[in-house]
2 protein chains.
Amino acid sequence: MRTITWDPEIPVIRMIDQRLLPEELVFIDLHTPEAVASAIRQMSIRGAPAIGAAAAYGLALAGIQSIAQTSQALMRDLETAAELLQATRPTAKNLSWALNRLRKSALDSFEDGPETMRQRMVEEAQLLADEDVEINQRIGEYGSSLIQDGDQVIHHCNTGALATVDYGTALGVIRTAHEQGKRVHVLVDETRPRLQGSRLTAWELSQYGIPYEIISDNAAGYFLARGLVSAVFVGADRVAANGDVANKIGTYMLALAAKDNHVPLYCAVPTSTVDLEVSSGADIPIEERDPSEVLGLQIAGRITAPEGSSARNPAFDITPNRLITSFITEVGILPPPYTDTLANAVRKAQPR
Amino acid sequence: MRTITWDPEIPVIRMIDQRLLPEELVFIDLHTPEAVASAIRQMSIRGAPAIGAAAAYGLALAGIQSIAQTSQALMRDLETAAELLQATRPTAKNLSWALNRLRKSALDSFEDGPETMRQRMVEEAQLLADEDVEINQRIGEYGSSLIQDGDQVIHHCNTGALATVDYGTALGVIRTAHEQGKRVHVLVDETRPRLQGSRLTAWELSQYGIPYEIISDNAAGYFLARGLVSAVFVGADRVAANGDVANKIGTYMLALAAKDNHVPLYCAVPTSTVDLEVSSGADIPIEERDPSEVLGLQIAGRITAPEGSSARNPAFDITPNRLITSFITEVGILPPPYTDTLANAVRKAQPR
């Protein structure tokens, strides 16, 4: 069961509305690029690779729905849709990567006319989605060597099937180890403010039969300091050329706590998340989301912040490369120095 | 308005039920030591100094309600009540400190008979509560020198009037700076899982007219790394002889993030929180509370963890002394080495 699929008959993009989990598993149908953009913005779909696939499908849909009769007119319509989709969220690299890949597939068949371009874009979006699953499985295989039977690991945010087209990155590594018969226990960071850990990762783990316990993000240091954690696994929304990582808010503090206790922190990403044009984390734009995500909690039906309170809500932070033990990618496990190993990995992955 | 008071007429202990804030300000009357123990256990009252005062009043109440006709019989009844009160929560030093102080006041008047003992205990509990306010004001005065006009600071958990008899420790420092006319802006860690930051500290700051914004605990590192924070202020539930600090879960990770960015972290405590009999943080017992505190959240009426999930919920963690810039106490600001400066401070404070 994929997080996002394309139904060529209608055509329509079908995806899980992640805002309703774990209470309800509901699929929504998106008939326009505008609806896709809105689903990304409102986080019905989230997770860098899943956002990339959604944007790719969204641009293919824009191509189909364009009434352009020339290749040039179609490219103009695609550009408008790509801008709309690009503007939804600023941090994840996979969004621009997927849009660029779809743009290129259209341009490559420019001479063959708009109908061929439309067809090629749908094929390219499908290919991108299929490759995402395959890439994740390779990440899982490489990464599972880092998990031993009996390990307890910490996982932040959601990097599972829901964050990708299927299978997952960091959570895919844990899943592969489990499928290999290794006993692994997961401490699930709840991941404030949107609780992707307790809502989504816990839900996935319960589906897979992997034992877990939820912890508040600020408790990770307690378990690390007591020697109870073998490794920390995270994904990324964008990796700079030097290995600095933009990932879900809290990753930086988690990485500091891992480092302080000599516990390895692994960052599992497809190479499409690596942005070689950004030299360091300082140049990655960080999205700040609505304060209501921080203020909107209830405990037993009671409000948890005084009326009129304001909040700050950065959705990501930057973890400096010195805190990353290694990257797990579809072309292998990358040690430092990351300026070399990441560039090599991207080169190696591209001919695919 | 004190968090906890003694009404000698009935007699009764009256306290704010902190579980109902910020929605409602409700006072509850506690007529028995059992009711006081229950209020501490259920966190109607919390915060190390406030727990100390509650336990002192609770033991005084036990003395009054005992039907013992001899000093010896009264001491036996007091011992039973002290054990009940001591068993409520294991981490805060102030609990045993206050109970020992009340025990001593009873023993000191042992020769004068049970009626005098009862009277002395009520006086001692009142004195302890009055001194707590005075001590906090002195902490505020010393500590306010560490805040400059225009500073933005991070505060974890609640260390204000609600965590003490009145005024507060770390929050008292911020309050004093504000009262001195310094502009100070507070980033309030929401403090999962019980949200003492967004529920209690934000409420207090809004009462005092001090500007604040709430952040999720895992976002502190983001603001520290951007150079937006001048200092971090925390309290403590117990300080070991070497300066290791047991404080609300999350303090350790916050302290790591402060250190990584060369931002000072100050720990504001009355010397009654210092436990010279415990050599390091490894020997401080850490309470683990009910998983429902982690799992019991709702967003917009929806559950946030799958049915059947379990959680781990340590209420405190240990921050090693190397991460504490200095302690702010009622006898002054203490620099390292803490083994010396804490012992000196306790000696200096005791003759009071």
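Up top is the structure these notes are about.
No experiment lies behind these values; they were computed from the predicted model shown. (Residues numbered from 1 in each chain as written. Chains lettered and ligands numbered in written order. Predicted model: local features only at pLDDT ≥ 70, side-chain atom pairs only at ≥ 80, totals over all residues. Heavy atoms only, no water.)

Caption draft 1: Representation of the relation of the copies chain B and chain A within the structure. Overlaying chain B with chain A gives an RMSD of 0.0 Å, the required rotation being 180 degrees about an axis along which the chain moves by 0.0 Å. What the rotation and shift describe, once combined, is the action of a two-fold rotation axis. No C-alpha of chain B approaches the rotation axis more nearly than that of Gln298(B), which lies at 2.5 Å. Comparing interface residues between copies, 100% of those in chain B also lie at the interface in chain A; the contact surface is shared. (Least-squares fit on C-alpha atoms with pLDDT ≥ 70 in both. Contact = heavy atoms within 4.5 Å.)

Caption draft 2: Quick peek at helix H7 (residues 196-208) of chain B. All names here are of chain B. Its 13 residues give H7 an end-to-end C-alpha distance of 17 Å, which sits within 8% of 18 Å, the value for a rise of 1.5 Å per residue. The axis of H7 is deflected most strongly, by about 25 degrees, at Ala 202. Those residues of H7 lying buried are Gln 196, Gly 197, Ser 198, Arg 199, Leu 200, Thr 201, Ala 202, Trp 203, Glu 204 and Leu 205. Residues of H7 that are buried make contact with strand S4 (151-155), helix H6 (170-179), strand S5 (184-189), strand S6 (212-215) and strand S9 (245-248). Downstream of H7 by a residue or two, Gly 209 has a phi angle that is positive, lying close to 75 degrees. (Helix = DSSP H or I, 4+ residues; strand = E, 2+ residues; numbered from the N terminus. Expected span 1.5 Å × (residues − 1). Bend = angle between axes of the 7 residues up to and from the residue. Buried < 20%, exposed > 50% of the residue type's maximum accessible area, 1.4 Å probe, protein only.)

Caption draft 3: Representation of the side chain of Arg89(A) in the model. Locating Arg89(A) in the fold gives a position in the loop between helix H3 (71-86) and helix H4 (93-108). A polar contact is formed between the side chain of Arg89(A) and the side chain of Glu287(A), at a distance of 2.9 Å. (Polar contact = N/O pair within 3.5 Å; in protein donor to acceptor, adjacent residues only side chain to side chain.)

Caption draft 4: A look at the sheet that holds strand S11 (residues 274-275) of chain A. All names here are of chain A. Strand order in the open sheet formed by four strands is S11-S8-S9-S14, and the pairing between neighbours is mixed. If you trace the sheet from one side to the other, it starts and ends with S11 and strand S14 (316-319), each paired once. Here two bridges tie strand S8 (residues 238-240) to strand S9 (residues 245-248), and the two strands are oriented antiparallel to one another. Considered in S9, the bridge of Val 239 is made with Val 245. The strands touched by helix H9 (residues 251-260) within the sheet are S9 and S14, with S14 carrying the most contacts at an inclination of about 35 degrees. (Pairing = 2+ DSSP bridges. Axes fitted to C-alpha atoms, helices over the stretch in contact; angles between N-to-C directions.)

Caption draft 5: Structural view of the packing of aromatic side chains. All names here are of chain A. In the structure shown here, the tally under the stated rule is eight aromatic pairs over all chains. Look at Trp 6 and Tyr 57: their rings are 5.6 Å apart centre to centre, the planes differ by 10 degrees, and that puts the pair in the stacked class. With Trp 6 in strand S1 (residues 4-7) and Tyr 57 in helix H2 (residues 48-65), this residue pair connects regions lying 51 residues apart in the sequence. This pair shows no difference in class: Trp 6 is buried, exactly as Tyr 57 is. The positively charged end of Lys 248 is found above the aromatic ring belonging to Phe 316, 4.5 Å away from the centroid. (Phe/Tyr/Trp six-rings, centres within 6.5 Å; stacked < 30°, edge-to-face > 60°. Lys NZ or Arg CZ within 6 Å of the ring centre and 35° of its normal.)

Caption draft 6: Expanded view of the sheet that holds strand S1 (residues 4-7) of chain B. Residues and elements named next belong to chain B. Ordered by their spatial adjacency, three strands build an open sheet running S1-S2-S3, and the pairing between neighbours is antiparallel. Bordering the open sheet on either side are S1 and strand S3 (27-30), each of which pairs with just one other strand. Between one strand axis and the next, the sheet turns through 25 degrees on average, direction left out of account. With four bridges joining them, S1 and strand S2 (residues 12-16) adopt antiparallel strand pairing. The partner of Trp 6 across the bridge, within S2, is Ile 13. The sheet strands contacting helix H2 (residues 48-65) are S1, S2 and S3, and the helix crosses S1 at an angle near 20 degrees.

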